[in-house]
Amino acid sequence: MDDHALMHGGVLSDEDLARLTPEQLGRYQQQQDYLKEHKGHEAQHETMFLILLFALFASQFVILWWKKKHYRSYQAVSFTGLWLIPLASGLKLGWWRFIFFWVVYSIFNGWIIHKSTRKPLEAMTPRLVYKWFTVVYNCSFVVGMAGYCIVMLTFFGIATLFVSGDAAMQVGILFLSYGLYFGVLGRDLVEICSDRMAATIGYYSRDGLPNKHLRDHICAICGSATRHATGSLVDPPEKGMVFDEPIHQLECKHTFHEKCIRGWCLIGKKDICPYCKEKVHMKQFKKNPWDTQQQLYISLLDGVRYLVVWQPIIFGAVQAAYYILGLK
């Protein structure tokens, strides 16, 4: 009996088995063991696919509901996963270059978090925090865009005129990954710092009423006095007051230092007045094309968070369901 008949003949009779060589008999037995082990797997694969499909769709609604109803716990879990999951992957896979940058990044941001959580809060701390994260965003944007351009140039064969295609693609993916990851990590960090600083100053509360009454011509973000539109001071100079600072008045008539309110809205990703929580139209802060590009890049970073944090959790839950149900 030839091998083709053996592999496709199904169950053999005793007479057919007697004609098999020892080698063919061994392969036949392996085939039968394989068919026995995988019997009914077609139905199992359909069940597994339905479980995966349900998990992917249901998780979207769960995440949105959680973010809306219990934002603080959502933020804490999201940031913790975003910070630690790539580190764990790097340690497991030996990405020592990534570990180095992660440690340096964490040290600098740890100092920024320390500054933003001090009580009393220094008047210059908010603009220091927003300036630092502006630098982080700009650097991550440049690195990410450089990686994207390298990937595209390699894809169209232009980069191969100068370096090997594999090397160029690896560099492009490396730059793109670093830019996106550290960009989204900084974006979550600045939101945490923004809430903490504003709550410490006392003119902002996420859920309830603020602890302090906001007087006229006081910036609710840094707590320092501002100037009248005519340039005269409303109060005697105070400690930590910023002189010669352009101001910006929202539609709710509350005034802020321009750098403070731009940092709060564009960098701290807040679209409300920090005092009365009236909606702020973000278009009024986009004075140049760079601001528009930054907003598009920030939207991309929000999608990266899902891939880094929630996708591993979802697939881990799916694998746990497969194990409980005995699916292979």
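Calculation rules
Residues numbered from 1 in each chain as written. Predicted model: local features only at pLDDT ≥ 70, side-chain atom pairs only at ≥ 80, totals over all residues. Heavy atoms only, no water. Helix = DSSP H or I, 4+ residues; strand = E, 2+ residues; numbered from the N terminus. Buried < 20%, exposed > 50% of the residue type's maximum accessible area, 1.4 Å probe, protein only. Areas by Shrake-Rupley, 256 points an atom, 1.4 Å probe, with all protein chains shown as cover. Patch = residues over 30% accessible without salt bridge, like charges linked within 9 Å, V, L, I, M, F, W, Y side chains within 5 Å. Salt bridge = Lys/Arg side-chain N within 4 Å of Asp/Glu carboxyl O. Expected span 1.5 Å × (residues − 1). Phe/Tyr/Trp six-rings, centres within 6.5 Å; stacked < 30°, edge-to-face > 60°. Polar contact = N/O pair within 3.5 Å; in protein donor to acceptor, adjacent residues only side chain to side chain. UniProt positions renumbered as here; feature names shortened; annotations may be inferred. Axes fitted to C-alpha atoms, helices over the stretch in contact; angles between N-to-C directions. Parallel < 35°, antiparallel > 145°, perpendicular 65-115°, else oblique. Left-handed = near helix turned anticlockwise from the far one by under 90°. Nonpolar A, V, L, I, M, F, W, Y, C, P; charged D, E, K, R; others polar. Contact = heavy atoms within 4.5 Å. pLDDT = per-residue confidence, 0-100. Core = buried A, V, L, I, M, F, W, Y, C linked by side-chain atoms within 4.5 Å.

A. Geometry of the overall build of the protein. Each helix and strand counted, the protein has 10 helices and two strands in total. Each helix (α) and strand (β) of the protein, taken in turn from the N terminus, gives the series α-α-α-α-α-α-α-α-β-β-α-α. Buried residues in the protein amount to 38% of all 328 residues. With the model as given, the accessible surface of the protein reaches about 19700 Å², and the carbon-plus-sulfur share is 65%.

B. Layout of a nonpolar patch on the surface. Taken together, the side chains of Leu 153, Phe 155, Phe 156, Ile 158, Leu 161, Phe 162 and Val 163 present a nonpolar region at the surface, about 830 Å² in accessible area. Looking at the element boundaries, Leu 153 is found in helix H7 (residues 125–155).

C. Representation of helix H5 (residues 71–93) within the structure. The end-to-end C-alpha distance of H5 is 33 Å, a good match for the 33 Å that 23 residues give at a rise of 1.5 Å each. Gly 94 occupies a position one or two residues after H5 and carries a positive phi of about 75°.

D. Quick look at unusual backbone geometry. For Lys 253, which is not glycine, the phi torsion reads 80° and is therefore positive. Secondary-structure assignment places Lys 253 in the loop between strand E1 (247–249) and strand E2 (255–257).

E. Molecular detail of the packing of aromatic side chains. Scanning the entire structure with this criterion turns up 16 aromatic pairs. Seen in terms of ring centroids, Phe 108 and Trp 132 are 5.8 Å apart; in terms of plane orientation they differ by 25°. Their pairing is stacked. With Phe 108 in helix H6 (residues 96–116) and Trp 132 in helix H7, this pair connects stretches of sequence that are 24 residues apart. The exposure class assigned to Trp 132 is partly exposed, which follows from its relative accessible area of 24%. Joined through ring pairs, the aromatic side chains of Phe 98, Phe 100, Phe 101, Tyr 105, Tyr 178, Tyr 181 and Phe 182 make up one cluster.

F. Structural detail: the side chain of Ser 106. Tracing the chain through its elements places Ser 106 in helix H6. By relative accessible area, Ser 106 is classed as buried at 18%. At 3.2 Å, the side chain of Ser 106 forms a polar contact with the side chain of Trp 83.

G. Highlighting the UniProt feature "transmembrane region" (unreviewed entry) in the protein. UniProt annotation of "transmembrane region" (unreviewed entry) refers to residues 47–66, 73–89, 95–114, 135–161, 167–186 and 304–325 when read in the numbering used here. Segment residues 73–89 splits into 100% helix and 0% strand. End C-alpha atoms: 24 Å apart. Within residues 304–325, the helical portion is 100% and the strand portion 0%, while the C-alpha atoms at the span's ends are 31 Å from each other.

H. View of the packing of H7 against helix H8 (residues 165–201). Put simply, H7 and H8 touch, their axes get as near as 7 Å, and they point 160° apart. By the criterion of interaxial angle, the relationship of H7 to H8 is roughly antiparallel. At the point where H7 passes H8, the crossing takes the left-handed sense. Grouping the amino acids of the contact of H7 with H8 by side-chain chemistry returns 23 nonpolar, 11 polar and one charged.

I. A look at H8. Here H8 is 37 residues long and its end C-alpha atoms lie 54 Å apart, about the 54 Å a rise of 1.5 Å per residue gives. Within two residues after H8, Gly 202 carries a phi angle of roughly 105°, on the positive side.

J. Representation of the packing of H7 against helix H9 (residues 258–267) within the structure. Running from N to C, H7 and H9 cross one another at 45°; their axes reach a closest spacing of 10 Å. Classified by the angle between their axes, H7 and H9 sit oblique to one another. Handedness of the crossing formed by H7 with H9: left-handed. Residue-level contacts link Arg 127, Tyr 130, Phe 133, Thr 134 and Tyr 137 of H7 to Lys 259, Cys 260, Gly 263, Trp 264 and Ile 267 of H9. Classifying every residue of the contact of H7 with H9 by side-chain character gives six nonpolar, two polar and two charged.

K. Molecular detail of the side chain of His 257. With respect to the helices and strands, the residue His 257 is situated in strand E2. Among the polar contacts listed, one links the side chain of His 257 to the side chain of Arg 127, at a separation of 3.4 Å.

L. Layout of the confidence of the model for the protein. Taken residue by residue, the protein gives an average pLDDT of 77. The fraction at 70 or more is 79%. Confidence scores differ between elements of the protein, with helix H1 (residues 3–8) showing the lowest mean pLDDT of 50 and H6 the highest of 92.

M. Layout of the nonpolar core. Ranked by internal contacts, the top residues of the largest apolar core, which has 53 residues, are Phe 133, Ile 221, Phe 256 and Trp 264. Of all the elements in the fold, those that place two or more residues in this core are H5, H6, H7, H8, H9 and helix H10 (289–325). No other element matches H8, which puts 12 residues into this core. Not counting the four nearest positions on each side in its chain, Phe 133 is found in contact with Asn 109, Ile 112, Gly 186, Leu 189, Val 190, Cys 193 and Ile 267. Core analysis: the next-biggest nonpolar cluster, separate from the first, contains seven residues, Ile 51, Ala 55, Ile 314 and Leu 327 among them.

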